[in-house]
Amino acid sequence: MARIPPAPSEFPGTGVNGNGINENIKTQEQWLRLMKTDSCESCHQIGSKGTREIPALFNSLPTSVAKWERRIQSGQAGTAMTGGINALGTRRALAMFADWTDRIAAGEVPPAPPRPQGIERNVVITQWDWADPKAYLHDEIATDRRNPTLNANGRIYGAAEISADYLPVLDPVTHTAHRVPVPVRDPNTPYAAPMQGFQASAYWGSEAIWTSKGNVHNPMFDQKGRVWFTTRIRGNDNPDAAFLPELTHREALERGLKVMDSTALSLCMDNALPIHVFGLDDERNIGRVVRGERIGTIISTGREEEE
Ligand code: HEC
């Protein structure tokens with residue numbers, strides 16, 4: 001029902017001083033991609049009651065556009081939403097969303113979808129609330145993807161990401177849920193979500209409802225039916241750590257940096273063989289390095305030493 005800016009007349013965007021669509025948006029498809037896949041709907045639906053109706057909290061604002069501008073700043077995801085609107089082009093996006101909710105408030109409804117037909121009528125969907133109202137589910141795992149019969153009818157394990165430090169566990173056979181606490185080792189580990197500096201929510205006021213420190217992600221089953229997940233156990237601010245984009249073999253040896261053992265390092269030095277050190281914790285980094293992107297640390301023998 002939202003009136004998506006029509007192609008081709010409004011694209012490419014001409015920015016804040018032009019038609020209000022971000023200059024990076026060249027086509028209507030790119031606009032739709034952000035709305036449907038990679039921005040707004042990567043977190044939540046657009047069209048649910050909470051998005052298509054403007055809460056009373058914002059009634060005092062003069063226009064629907066002003067209400068939209070304020071409502072998307074609500075809560076700990078407010079900065080992400082404001083950034084998402086900006087990626088579309090704030091002025092044009094707010095005008096589109098405001099027009100959409102104005103028409104809904106005036107009684108407009110989308111065409112009714114057809115009732116399920118044929119075998120569609122055999123589908124039964126069961127939904128469970130298996131965490132708590134202040135947590136959200138980032139992802140979940142029910143099997144080993146390489147062997148999808150593993151854990152048939154077994155428990156399902158969720159990851160609440162930056163919202164809560166426990167794994168929600170669901171037994172879909174007995175319809176019961178329980179929690180496995182995921183504590184951090186260092187109690188001073190920072191919170192994963194911003195705890196202040198956001199606008200009040202129509203639902204939770206100024207309460208910071210997301211309180212995770214561990215930021216549990218990516219639960220996975222292995223072939224033995226064991227569940228693995230990633231979580232943070234301490235902060236990453238080591239006061240001695242510093243990023244060194246470039247250094248020479250000699251510096252690496254002298255500073256005793258444990259890039260590799262010193263024999264290998266000096267062999268590289270003698271043969272003027274550069275070393276590229278980068279994090280494999282992010283698997284996209286391999287592609288970045290192959291494409292020649294400048295990430296990580298390059299250890300090479302400076303020209304002076306070669307001469
Ligand atoms: C990082 C996750 C995230 C992204 C991305 C995101 N949202 Fe949200 N959105 C939320 C959360 C969380 C809430 C609930 C805020 C609250 O507690 O009041 C919300 C609430 C809303 C609301 C209801 C606000 C109200 O009036 O109470 C609207 C409308 C909305 N989002 C629109 C958008 C649009 C449009 C985009 C894309 C430009 C977007 N969101 C992207 C997480 C996100």
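Residues numbered from 1 in each chain as written. Predicted model: local features only at pLDDT ≥ 70, side-chain atom pairs only at ≥ 80, totals over all residues.

1. Description of helix α1 (residues 28-38)
- Every buried residue belonging to α1 is among Q30, W31 and L34, and all of these are buried. Take α1 and look down its axis: the buried residues cluster within an arc of 110°, on one side only. Exposed residues on α1 whose side chains face more than 90 degrees from its buried face are E29, K36 and T37.
- Looking at the buried residues of α1, the elements they touch are α5 (78-88). (Buried ≥ 20, exposed ≤ 12 C-beta atoms within 10 Å, placed from the backbone. Helix = DSSP H or I, 4+ residues; strand = E, 2+ residues; numbered from the N terminus. Arc of directions from axis to C-beta. Contact = placed C-beta atoms within 7 Å.)

2. So, the site of the ligand
- C40, C43, R71, G84 and S201 are the nearest of the 24 residues found near the ligand.
- Of all elements in the fold, only α2 (40-43), α3 (49-52) and α5 reach the threshold of two or more residues within the shell around the ligand.
- Top element by residues in the shell around the ligand is α5. It accounts for four residues.
- Taken together, the residues of the shell around the ligand sort by class into 14 nonpolar, nine polar and one charged. (Near = placed C-beta within 6 Å. Nonpolar A, V, L, I, M, F, W, Y, C, P; charged D, E, K, R; others polar.)

3. Digging into the sheet that holds strand β9 (residues 297-300)
- Taken in spatial order, the three strands line up as β7-β9-β8 in an open sheet, and their pairing is mixed. The two strands at the open ends of the sheet, each matched to only one other strand, are β7 (246-248) and β8 (275-277). The mean inter-strand angle of the sheet, taken between neighbouring strand axes irrespective of direction, is 20°. (Pairing = 2+ DSSP bridges. Axes fitted to C-alpha atoms, helices over the stretch in contact; angles between N-to-C directions.)

4. What about the pairing of β9?
- Sheet topology note: the β7/β9 ladder contains three bridges and is parallel. Bridge pairing links E246 to I298 in β9.

5. Quick look at the packing of helix α4 (residues 64-71) against helix α6 (residues 90-105)
- Between α4 and α6, whose axes approach to 9 Å, the crossing angle comes to 110°. In terms of orientation, α4 lies roughly perpendicular with respect to α6. α6 is crossed by α4, and the crossing has right-handed handedness. Between α4 and α6, the residues in contact are S64, V65, W68 and E69 and L94, A95, F97, A98, T101 and D102, respectively.
- For the contact of α4 with α6, the per-class residue count stands at six nonpolar, two polar and two charged. (Parallel < 35°, antiparallel > 145°, perpendicular 65-115°, else oblique. Left-handed = near helix turned anticlockwise from the far one by under 90°.)

6. Re unusual backbone geometry
- For the peptide bond that leads from A7 to P8, omega is -5°, which places it in the cis range.
- Within the secondary structure, P8 sits in the segment before α1.
- Of note, the amide linkage connecting F11 to P12 takes the cis form, showing an omega dihedral of -5°.
- Within the secondary structure layout, P12 lies in the segment before α1.
- The phi dihedral of E161 is positive, around 45°, even though this residue is not glycine.
- For E161, the location among the structural elements is in the loop between β2 (156-159) and β3 (166-171).
- Among the residues examined, E161 registers 20 C-beta atoms within 10 Å and is labelled buried.
- At N218, a residue that is not glycine, the phi angle is positive and equals roughly 45°.
- Looking at the secondary structure, you find N218 in strand β5 (residues 217-221).

7. So, the domain arrangement of the protein chain
- Domains assigned within the protein chain are domain 1 (28-105), domain 2 (127-236) and domain 3 (246-306).
- Placing a centre on the C-alpha atoms of domain 1 and another on those of domain 3 gives a separation of 46 Å. (Domains from an automatic or database assignment.)

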